[in-house]
Amino acid sequence: MGSILLVLRLALRDLRRRRTEAALLLLAILAATTTLTLGLVLRDAASDPYESTRAATKGPDVVANVGRVTDLADLEKLATASGVTEHSGPYSVIAGKLEVSDRTSDVQVEGRDATIAAVDQPEVTQGSWVSDGGVVLEAAFADSLDVGVGDSVTLGGRSFKVVGVAVTAAMPPYPGASCIVSAGCINGAIPDDRDLPAGLLHNPGLVWLTQADVRSLASDRSSLSYVMNLKLANPDKAQAFVDRTGGDHGGAMPMQSWESILADATDLARDSQILLLIGAWLLGLLAVASLSVLVGGRMADQTRRVGLLKAVGGTPGLVAAVLLAEYLLVAVVAAAAGLTIGALTAPLLTESSAGLVGSAGTASLTWSTIGLVTAVALGVAVVATAVPAVRAARSSTVSALADAARPPRRTGWLITLSARLPVPLLLALRVAARRPRRVALGVVSIAITVSGNYVLMVLNAFLGDQPGTGAYTETQVAVLRHVLLVWTVILLSLAAVNAIVITWATVLDNRHASALARALGATPREVTVALATAQVLPALLGAVMGVFPGGFLLFAAINTITGGDSDKATLPVPWQLIGLVLATVLVVAALTSVPAHLGGRRPVTETL
Amino acid sequence: MSNAADTPVLRALGLRKEYGKGEGLVRAVDGVDLDVVNGETVAITGPSGCGKSTLLHLLGGLDRPSGGEVRLNGRRIDDISEKALARMRRTDVSYVFQSFHLMEELTAVENVELSALLAGRSPRAARRRAEELLDQLGLAGRSRFLPSALSGGQRQRVAVARALSNEPLVVLADEPTGNLDSAATLDVLQLFKDLHDAGQTLIIVTHDARIAATADRKFSMRDGALAGLED
Ligand SMILES: Nc1ncnc2c1ncn2[C@@H]1O[C@H](COP(=O)(O)OP(=O)(O)O)[C@@H](O)[C@H]1O
Ligand SMILES: [Mg+2]
């Protein structure tokens, strides 16, 4: 018991003594755990969202509709067609306009029974199912209008209370709805110079009322259309059923197989999911870069500390325990915080895609995610402990004590070259040359960030063009832009953390060399500029490499994966690329200036 | 040795340095007056913690005093800017440390030329001067060695060569033999004798009676105060 207390006390004291380092370590592990949490939550939330919606809502295998009451008999016959095992409907559908506060949108209003249907029973995600006078909105549509349970909307001049929000697998979510009214629909943006034929619905939303309410909205029976949902004995043959049955009726009856709904529904979701996935990968790489700088730097430092503890009589076991306790404390805090932040941020990303795919499941932590994230954090702690502990246990106490951290590397040609340069550059190159691995990590970290940004620029420009081309609607573009934005913010934050971590590690590592240079006559300013330049030069290299080949390759990779058509994308023009590189260098210079300034001003006699 | 006509190269007047405050106040240097004339070797001895290193740091402008003044060649250096102090360290004073303080990744000659490079000499001139100095100090064959491949005595000779590379007015040495075995100590001792004979102004903090014996004047330091010693 006493020894546990001793271990904890020693660990806490060391953490307190090196607060900045401990904070940066926490930040780096936190970034890694947050990223991992985000990635896992998103993976869970986005895996087969249509499938899960279909399962939760008894999704139909085929949806058939007719536009005239005279065809209603044909529709009803489908209920007994061969291969059909279950059906719901026919339900009446009417085209209309929905008004809420200052917005108006075209809608398809489907009349439903208050009881549970055997096929296509929309899953209520908020509130309850239809009742007389109460309307239920499709989730993505409600999201886009920013309408929720309790609000009032006007439909066909009558006021209805929103009693629920629901998702369905019978139709792609707003704004990709399929058309089940005779008036016809058009989705996507419409060029300003084109007038729509009268009565055509533009980007209609889907709402549900009771059958009675729908009938009361209809001026006469001819304004009603009808829809029926079918379950087949063999869902894999849905398309064949559509071809066969539609053919029997001279192709007069529009039908949709679940496969074609799936394709429409997941089109956009797939795009945003790929964005998220690639983003998660880039973030993971950045987190690894900052972790290896910090933990690697600390490990060398700890070897000496282990020697010190051994010298004053600590057993190797005690010494390892102190180290482990230190990292465990940091790792547990980081894992908890990372899980929390990740779980809180994930909905920011999935909210949009959940609306898109009409997924019934929302982003949430699962035990496997919690376990994995905690395991990774603890794994970092154990590795960071094991290496110095084993190293110090193997080496004699004396040599562990004498081990001057990690000996700096000698890069002869850089030292010779730097002798010809002005003093700040001379010192900067030598600072960089001393730790080539860290410089490489710095370059990679910036290159990853910049290539990420490059792709974001391309995608942003691409989305900017979209309303004109009609491939995506404005709402969809807004959703994708939102995803891009969150992505950019996380990417840039992590890159900033990296830049600060790397600079701080450099400053600590160069304490002695900086003090010596000042004792030999370098000014504080020269040392500060050198420390900052040692970060900015790799940043410049990283930024250039991040544009080419980084950005080009990443964009090509995304295109290959998504099967996208790169001809449609506008690549950034040279001045934008130069701007990107310059901005990166400026930001890195700003971020590193404070630690570098502190490093350059440190009193010489405290170090020498 | 000193006579009235000699203006001191280095002069300290009522020099004080305090650390901490209240109960924990430490008077590391407590009212030191010292004149050092050109070409003179001054030795300072005293127990550990009496303020010797602090005094050297104040004399060379590595640290700022809490009170009193330091004059180098008649010019006050205790109140000038960090930048001016740095300039002064390039050409006027230089240090030799107990633990050498060589850059591990630089060869002997690169360590020596660094001071000259920082002072803005051309790479070629700096290199020539460094080779010359290493030659003079008997390290000609070792100029391409890294410090880790040199013995303690050789490392200290490299450090002395670095201290001399900009022909400073004063060399300040803080226990230069403190980390050396007796053979290496004799080696460095001879080196300081040679420097003295060549007219270099030297202030040496040392525990070693043999080094102290070569000095023109000796002081003993205790609790931050300096007292002259007679031979
Ligand atoms: N940065 C500092 N902060 C607080 N006290 C210091 C500092 N540097 C030196 N001291 C104290 O000043 C006194 C003189 O130290 P120093 O000059 O190193 O002695 P010496 O070199 O004679 O062994 C000691 O008591 C030491 O503890
Ligand atoms: Mg001392």
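Residues numbered from 1 in each chain as written. Chains lettered and ligands numbered in written order. Predicted model: local features only at pLDDT ≥ 70, side-chain atom pairs only at ≥ 80, totals over all residues. Heavy atoms only, no water.

Helix and strand content of chain B: seven helices and 10 strands. Here the C-alpha atoms of chain B give a radius of gyration of 17 Å, agreeing with the 17 Å that 2.2 N^0.38 yields for 231 residues. Seen along its three principal axes, the alpha-carbon backbone of chain B occupies a region of about 50 × 45 × 40 Å. Sorting the 231 residues of chain B into buried and exposed places 54% on the buried side. Across chain B, every contact between residues at least 6 apart in sequence was considered, and the portion connecting residues at least 24 apart equals 70%. Summed over all atoms, the accessible surface of chain B reaches about 9,800 Å², with 45% contributed by carbon and sulfur. Charge-centre separation for chain B: the mean point of 29 positive side chains lies 5 Å from the mean point of 32 negative side chains. (Helix = DSSP H or I, 4+ residues; strand = E, 2+ residues; numbered from the N terminus. Rg over C-alpha atoms; globule rule 2.2 N^0.38 Å. Buried < 20%, exposed > 50% of the residue type's maximum accessible area, 1.4 Å probe, protein only. Contact = heavy atoms within 4.5 Å. Areas by Shrake-Rupley, 256 points an atom, 1.4 Å probe, with all protein chains shown as cover. Lys, Arg positive; Asp, Glu negative; His and termini not counted. Charge placed at Lys NZ, Arg CZ, Asp CG, Glu CD.)

Taken as a whole, chain A shows an average pLDDT of 81; of its residues, 81% reach a score of 70 or greater. Contacts of residues 354-361 of chain A to residues separated by more than four positions or lying in other chains number 29 contacts, the stretch itself having pLDDT below 50. (pLDDT = per-residue confidence, 0-100.)

All names here are of chain A. Residue Pro549 is bonded to the preceding Phe548 through a cis peptide linkage, with omega at 10 degrees. The residue Pro549 is located in helix α17 (residues 524-562) in this model. Residues other than glycine seldom take positive phi values, yet Ser101 does so here, at roughly 40 degrees. The backbone of Asp146 sits at a positive phi, close to 60 degrees, despite the residue not being glycine. Structurally, the position occupied by Asp146 is in the loop between α5 (139-145) and β6 (152-155).

Residues and elements named next belong to chain B. Around ligand 1 lies a shell formed by Tyr19, Val26, Ala28, Pro47, Ser48, Gly49, Cys50, Gly51, Lys52, Ser53 and Thr54. At 3.5 Å from a nitrogen atom of ligand 1 is found a side-chain nitrogen or oxygen belonging to Tyr19. The backbone of Cys50 places a nitrogen or oxygen atom 3.3 Å from an oxygen atom of ligand 1. For ligand 1, the protein covers 60% of the area, taking 560 Å² as the surface of the free molecule. Looking at the shell around ligand 1 element by element, the count peaks at three residues for helix α1 (residues 52-59). Looking at the shell around ligand 1 residue by residue, the class counts come to five nonpolar, five polar and one charged. (Near = heavy atom within 4 Å. Polar contact = N/O pair within 3.5 Å; in protein donor to acceptor, adjacent residues only side chain to side chain. Nonpolar A, V, L, I, M, F, W, Y, C, P; charged D, E, K, R; others polar.)

For the rest of this paragraph, the subject is the pairing of strand β1 (residues 62-66) of chain A. All names here are of chain A. For β1, the buried fraction is high: five of the five residues fall into the buried class. Relative to strand β12 (residues 255-257), β1 runs antiparallel, the two sharing three bridges. Within β12, the position partnered with Val63 by the bridge is Gln256. Direction of pairing for β1 relative to strand β11 (residues 225-232): antiparallel, over a ladder of five bridges. Along β11, the bridge assignment pairs Ala64 with Met228. (Pairing = 2+ DSSP bridges.)

What follows concerns the nonpolar core. Within the largest apolar cluster, 65 residues are counted, with the highest numbers of intra-cluster contacts made by A:Leu75, A:Leu78, A:Leu98, A:Val135, A:Leu155 and A:Val207. Here A:Leu155 is in contact with A:Lys97, A:Leu98, A:Val107, A:Val109, A:Val135, A:Phe160, A:Val207, A:Leu209 and A:Leu217, once residues within four sequence places are set aside. Core analysis: the second largest hydrophobic core is formed by 61 residues, B:Val9, B:Leu55, B:Ile203 and B:Phe219 among them. (Core = buried A, V, L, I, M, F, W, Y, C linked by side-chain atoms within 4.5 Å.)

Applying the stated criterion across every chain yields a total of 29 salt bridges over all chains. Note that A:Asp71 is salt-bridged to A:Arg68, the shortest N-O span being 3.2 Å. Residue A:Arg68 is classed as exposed on the basis of its relative accessible area of 52%. Note that A:Glu526 is salt-bridged to B:Arg90, the shortest N-O span being 3.4 Å. In this pair, A:Glu526 sits in helix α17 while B:Arg90 sits in helix α2 (residues 82-91), so the two residues belong to two different chains. (Salt bridge = Lys/Arg side-chain N within 4 Å of Asp/Glu carboxyl O.)

A word on helix α4 (residues 123-136) of chain B. The α-helix advances 3.6 residues per turn, and as a result positions three or four apart in sequence lie on the same side. Residues and elements named next belong to chain B. Taking 1.5 Å of rise per residue, 14 residues should cover 20 Å, and α4 covers 20 Å from first to last C-alpha, within 8% of that figure. Summarising the contacts, the buried residues of α4 are in contact with α3 (108-118) and α5 (152-164). Within two residues after α4, Gly138 carries a phi angle of roughly 75 degrees, on the positive side. (Expected span 1.5 Å × (residues − 1).)

What follows is about the interface of chain B and chain A. Listed by partner, the interface residues are 24 residues for chain B and 26 residues for chain A. For the pair chain B and chain A, the summed buried area comes to about 2,400 Å², and 65% of that belongs to carbon and sulfur atoms. Our count for the chain B to chain A interface comes out at four salt bridges. The partner of B:Glu110 in a salt bridge is A:Arg410, and the shortest N-O contact between them spans 2.6 Å. Linking chain B with chain A are nine residue pairs in polar contact (both at pLDDT 80 or more), by the criterion used here. Secondary-structure elements contributing two or more residues to the side of chain B that touches chain A are α2 and α3 of chain B. Tallied by class, residues from the side of chain B that touches chain A come to 11 nonpolar, four polar and nine charged. (Buried area = accessible area lost by both parts, 1.4 Å probe.)

All names here are of chain A. Here Arg54 lies in helix α3 (residues 49-56). There is a polar contact of 3.0 Å between the side chain of Arg54 and the backbone oxygen of Pro60. Among the polar contacts made by the side chain of Arg54, one reaches the side chain of Asp61 at a distance of 3.0 Å. Residues within four places of Arg54 in sequence aside, it is in contact with Gly59, Pro60, Asp61, Ala169, Lys231, Pro235 and Trp258.

All names here are of chain B. Spatially, β6-β7-β8-β3-β9-β10 is the arrangement adopted by the six strands of the open sheet, whose pairing is mixed. For this open sheet the edge positions go to β6 (93-96) and β10 (225-229), each flanked by a neighbour on one side alone. For this sheet the average axis-to-axis angle between neighbouring strands, irrespective of direction, equals 20 degrees. Contacts from α1 reach β3 (41-45), β6, β7 (170-174), β8 (201-205), β9 (217-222) and β10 within the one sheet, and its direction differs from that of β7 by about 160 degrees. Strands β6 and β7 of the sheet are contacted by α5, whose axis makes an angle of about 175 degrees with β6. (Axes fitted to C-alpha atoms, helices over the stretch in contact; angles between N-to-C directions.)

What follows deals with the packing of aromatic side chains. All names here are of chain A. Applying the stated rule across the entire model yields five aromatic pairs over all chains. Between Tyr454 and Phe552, the aromatic rings sit 5.4 Å apart at their centres with planes inclined by 35 degrees, giving tilted as the arrangement. Placement of Tyr454 in helix α14 (residues 436-469) and of Phe552 in helix α17 is noted, with a sequence separation of 98 residues between them. Feature note: the residues Tyr454, Phe548 and Phe552 constitute an aromatic cluster, connected by ring pairs. (Phe/Tyr/Trp six-rings, centres within 6.5 Å; stacked < 30°, edge-to-face > 60°.)

Take the environment of B:Phe192 next. Residues and elements named next belong to chain B. Looking at where Phe192 falls in the secondary structure, it is placed in helix α6 (residues 182-197). For Phe192, a relative accessible area of 3% corresponds to the buried category. Residues Phe192 and Pro176, 16 residues apart in the sequence, show an inter-C-alpha distance of 10.0 Å. Ignoring anything within four residues of it in the chain, the contact list for Phe192 reads Val160, Ala173, Pro176, Leu202 and Ile204.

A separate point is the pairing of β8(B). Residues and elements named next belong to chain B. Buried residues dominate β8, accounting for five of its five residues. Side-chain alternation along β8 places Thr201, Ile203 and Val205 on one buried face and Leu202 and Ile204 on a second face that is also buried. As paired elements, β3 and β8 share four bridges and run parallel to each other. Bridging across to β8, Ala43 finds its partner in Ile204.

Before going further, it helps to examine a nonpolar patch on the surface. Residue and element names in this part refer to chain A. Taken together, the side chains of Ile4, Leu8, Leu12 and Leu329 define a hydrophobic patch exposed on the protein surface, amounting to about 320 Å² of accessible area. Element by element, the count of residues in the nonpolar patch is highest for helix α1 (residues 2-17), at three residues. Residue placement: Ile4 occurs in helix α1. (Patch = residues over 30% accessible without salt bridge, like charges linked within 9 Å, V, L, I, M, F, W, Y side chains within 5 Å.)

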